[in-house]
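These are the residues of each chain, in order.
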Amino acid sequence: MTEVLAVAVITVLAVIAPGADFAMIVRNSYLHGRRTGLLAATGVAAGVLVHVTYTMLGVGLLIASSTALFTAIKLVGAAYLVLVGVRTFRTRTRVEVDLRAGTGLGPLAALRAGFLTNVLNPKTTLFVVSTFAQVVGPGTPVLRQVGYGLFMSLAHLLWFAVVAVFFSHERMRSLMLRGQRVLNKVIGSVLAGLGVSLALAPSH
């Protein structure tokens, strides 16, 4: 019971902590609408399952014990965040998306954005790997471990679905679209800053 509670608390805290996934969902939701935000949230949840899968297969323990391997993964993820951040920051053209005309981000593109953001997110890697390596006992039944993984994924889906619904609300979306140039610079700076901080952070 203690293990279950620990996993639940760690997961909730990890999910609601602002990061690259939050910034990406906010931008996609206000810019391209609710459907795109929800699809991106689904992609984020799917990305979590990737981390859970390789961790359960034992690769996570290898990553946790190998400073060089974790550093390489961290740098790839950090570079991705910096790239997306710089592109967002440098966006100067005001984007007007007519949601009724279906000119927003396509479903596959929205899913891919969420998926890649979390698959390449060192924060998510560390969260999943450390939880399974330090909290989940070696004798924990496989089915319970699978349950933990599904809970982690579902928690991400629910939280970011709420974020998507909030920021795609008509009034909120209208307000944010009017200030999108400033928002692009803020969100771009946050993403690039997260990437740089992750790249410079100690591996262990």
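Look up a bit, the structure's there.
A brief structural summary. (Residues numbered from 1 in each chain as written. Predicted model: local features only at pLDDT ≥ 70, side-chain atom pairs only at ≥ 80, totals over all residues. Heavy atoms only, no water.)

### Remarks on the pattern of salt bridges
With the rule as written, the count across this model stands at one salt bridge. Arg144 is the salt-bridge partner of Glu3, the closest N and O atoms lying 3.8 Å from each other. Of this pair, Glu3 sits in helix α1 (residues 2-16) while Arg144 sits in helix α8 (residues 142-167); the two residues are 141 residues apart in sequence, bridging distant segments of the chain. (Salt bridge = Lys/Arg side-chain N within 4 Å of Asp/Glu carboxyl O. Helix = DSSP H or I, 4+ residues; strand = E, 2+ residues; numbered from the N terminus.)

### Some details on helix α2 (residues 20-32)
In a regular helix each residue adds 1.5 Å, so 13 residues correspond to 18 Å; α2 covers 18 Å between its end C-alpha atoms and thus fits that length. Of all 13 residues that make up α2, 12 are buried, and the element is covered over most of its length. Within the sequence span of α2, burial applies to Ala20, Asp21, Ala23, Met24, Ile25, Val26, Arg27, Asn28, Ser29, Tyr30, Leu31 and His32. Following α2 by one or two positions, Gly33 adopts a phi angle in the positive range, close to 100°. (Expected span 1.5 Å × (residues − 1). Buried < 20%, exposed > 50% of the residue type's maximum accessible area, 1.4 Å probe, protein only.)

### Description of a nonpolar patch on the surface
There is a patch of nonpolar side chains on the surface, built from Leu5, Val9, Val12, Leu13, Ile16 and Phe151 and spanning about 520 Å² of accessible area. Here the element with the most residues in the nonpolar patch is α1; it accounts for five residues. As for its position among the elements, Val12 is in helix α1. Residue Val12 is classed as partly exposed on the basis of its relative accessible area of 41%. (Patch = residues over 30% accessible without salt bridge, like charges linked within 9 Å, V, L, I, M, F, W, Y side chains within 5 Å. Areas by Shrake-Rupley, 256 points an atom, 1.4 Å probe, with all protein chains shown as cover.)

So yeah, pure geometry; function would need other evidence.
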